[in-house]
Amino acid sequence: DSGVTQTPKHLITATGQRVTLRCSPRSGDLSVYWYQQSLDQGLQFLIQYYNGEERAKGNILERFSAQQFPDLHSELNLSSLELGDSALYFCASSPRTSGSLVFGPGTRLTVL
Amino acid sequence: GESVGLHLPTLSVQEGDNSIINCAYSNSASDYFIWYKQESGKGPQFIIDIRSNMDKRQGQRVTVLLNKTVKHLSLQIAATQPGDSAVYFCAELRLPYNDMRFGAGTRLTVKP
C-alpha cells in the first residue's frame, strides 16, 4: 500500500458519458499528479496540482478537467467520453520538498 | 517538448543473469533521474533515483549509472529473478515542483 488511494478501481461506461475519478494523496504530500496509461503504452502526464493550484499541464484534452480541493484530494473529470479514453488513470503524490512520486493503484476506465 | 526515451522496448534475460536497461534523455536541466518498475495491472513503484550531479548510485541488487556527456541513463539489475519481470520506466524530475516526465518503458522478461 503506497498511501495514495484512488476510487473507483474499475469503471465501465458508455461513449458520451461523464465520469469522475478521485484521488487522495499520501498524508503530508501537497502535490497531486494525474497520468493516463493506454494499453501497453507509457505514462502520459495530464496535470499536476500543488496545494490546490494547477502547477503544470501536459497533454490533457479539453474534455478533461481536474481540481485539487482544500483537503488536498483531487478529482479528474472526463466528459464526452470516447472509446479511445479507455485506459488506466493513475494518480501520484509527492512531498513539498524534492522527492519522487508515489503512485496509487490506478482506476481502470472502460468506455463501451 | 523534450522527452525521456528508451533504446529498447523489450529485454529477455535468463534467471540469474544481470540485466541492463537503457534510457536516453534530451533535457540536461533535469535534477533527478528515476527508475520505476510497473507490474501488470499495478501502479509504478519507485526503484532508485540519482541526482544529476552524480554518476552512479547503488541499491539492493540495482545500480543506476548516469552519463551526462551522452545523456544516457541505465539500470543494472544483478542476479535477475522471475519477480523482476515487469515494465521499467525511466523518468526525469525537475525541481522545485517535482515536474516528472516518463519515457516509453522497457518490458523485462526473465526466463527460468
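Quick summary incoming for the structure in this document.

### A few points about the overall build of chain B
Turning to step 1, where the next piece is worked out: Scanning chain B for helices and strands turns up zero helices and eleven strands.
Turning to step 2, where the next piece is worked out: Helices (α) and strands (β) of chain B occur, in sequence order from the N terminus, as β-β-β-β-β-β-β-β-β-β-β.
Turning to step 3, where the next piece is worked out: Taken against the 2.2 N^0.38 rule, which gives 13 Å for 112 residues, the C-alpha radius of gyration of chain B at 13 Å falls within 12% of a compact globule.
Turning to step 4, where the next piece is worked out: Counting only C-alpha atoms, chain B reaches 40 × 30 × 20 Å along its principal axes.
Turning to step 5, where the next piece is worked out: Looking at chain B residue by residue over its 112 residues, the buried ones come to 44%.
Turning to step 6, where the next piece is worked out: For chain B, restricting intrachain contacts to residue pairs at least 6 apart in sequence, the fraction spanning at least 24 positions comes to 52%.
Turning to step 7, where the next piece is worked out: Accessible surface computed for chain B: about 5,500 Å², of which carbon and sulfur atoms make up 48%.

### Quick word on the environment of phenylalanine 64 of chain A
All names here are of chain A.
Turning to step 1, where the next piece is worked out: Along the chain, phenylalanine 64 turns up in strand S7 (residues 64-68).
Turning to step 2, where the next piece is worked out: The exposure class of phenylalanine 64 is buried, given its relative accessible area of 6%.
Turning to step 3, where the next piece is worked out: As a C-alpha pair, phenylalanine 64 and serine 79 span 15 residues in sequence and 6.3 Å in three-dimensional space.
Turning to step 4, where the next piece is worked out: Apart from the residues within four sequence positions on either side, phenylalanine 64 is in contact with Gln36, Asn77, Leu78, Ser79, Asp85 and Tyr89.

### Observations regarding the interface of chain B and chain A
Turning to step 1, where the next piece is worked out: Residue-level contacts link 21 residues of chain B with 25 residues of chain A.
Turning to step 2, where the next piece is worked out: With both chains or domains summed, chain B and chain A bury close to 1,600 Å², and 55% of this area falls on carbon and sulfur atoms.
Turning to step 3, where the next piece is worked out: Three residues stand out in chain B for area buried against chain A, namely Tyr97, Asn98 and Phe102 of chain B, and they jointly supply 33% of the buried area on that side.
Turning to step 4, where the next piece is worked out: Our count for the chain B to chain A interface comes out at zero salt bridges.
Turning to step 5, where the next piece is worked out: The interface formed by chain B and chain A holds three residue pairs in polar contact (both at pLDDT 80 or more) in total.
Turning to step 6, where the next piece is worked out: Mapped by element, the contributors of at least two residues to the side of chain B that touches chain A are strand S4 (32-38), strand S9 (86-94) and strand S10 (99-102) of chain B.
Turning to step 7, where the next piece is worked out: Broken down by class, the residue content of the side of chain B that touches chain A amounts to 13 nonpolar, four polar and four charged.

### Remarks on the sheet that holds strand S3 (residues 19-24) of chain A
Residue and element names in this part refer to chain A.
Turning to step 1, where the next piece is worked out: Here four strands make up an open sheet; going across it, the order is S1-S3-S8-S7 and the pairing antiparallel. For this open sheet the edge positions go to strand S1 (5-7) and S7, each flanked by a neighbour on one side alone. Neighbour-to-neighbour, the strand axes of the sheet open up by a mean angle of 15°, direction not taken into account.
Turning to step 2, where the next piece is worked out: Alignment of S3 against strand S8 (residues 74-78), held across five bridges, turns out to be antiparallel. Each bridged residue has a counterpart across the sheet, and for valine 19 the counterpart in S8 is leucine 78.

### Overview of the nonpolar core
Most often, soluble globular proteins have nonpolar side chains that are buried together.
Turning to step 1, where the next piece is worked out: If you look at the biggest cluster of nonpolar residues, it comprises 22 residues, and the most contacted ones within it are Val19, Leu21, Trp34, Leu76, Leu78, Tyr89 and Leu109 of chain A.
Turning to step 2, where the next piece is worked out: Among the elements of the structure, S3, strand S4 (31-37), strand S5 (44-50), S7, S8, strand S9 (87-94) and strand S11 (107-111) of chain A are those that each provide at least two residues to this core.
Turning to step 3, where the next piece is worked out: Every residue in contact with leucine 78 of chain A, bar those within four places of it in the chain, is listed here: Gln17, Arg18, Val19, Leu21, Arg63, Phe64, Tyr89 and Leu109 of chain A.
Turning to step 4, where the next piece is worked out: Tyr25, Val62, Val64 and Ile77 of chain B belong to the second-largest nonpolar core, a separate cluster that totals 20 residues.

Rules of the game
Residues numbered from 1 in each chain as written. Chains lettered and ligands numbered in written order. Predicted model: local features only at pLDDT ≥ 70, side-chain atom pairs only at ≥ 80, totals over all residues. Heavy atoms only, no water. Helix = DSSP H or I, 4+ residues; strand = E, 2+ residues; numbered from the N terminus. Rg over C-alpha atoms; globule rule 2.2 N^0.38 Å. Buried < 20%, exposed > 50% of the residue type's maximum accessible area, 1.4 Å probe, protein only. Contact = heavy atoms within 4.5 Å. Areas by Shrake-Rupley, 256 points an atom, 1.4 Å probe, with all protein chains shown as cover. Buried area = accessible area lost by both parts, 1.4 Å probe. Salt bridge = Lys/Arg side-chain N within 4 Å of Asp/Glu carboxyl O. Polar contact = N/O pair within 3.5 Å; in protein donor to acceptor, adjacent residues only side chain to side chain. Nonpolar A, V, L, I, M, F, W, Y, C, P; charged D, E, K, R; others polar. Pairing = 2+ DSSP bridges. Axes fitted to C-alpha atoms, helices over the stretch in contact; angles between N-to-C directions. Core = buried A, V, L, I, M, F, W, Y, C linked by side-chain atoms within 4.5 Å.

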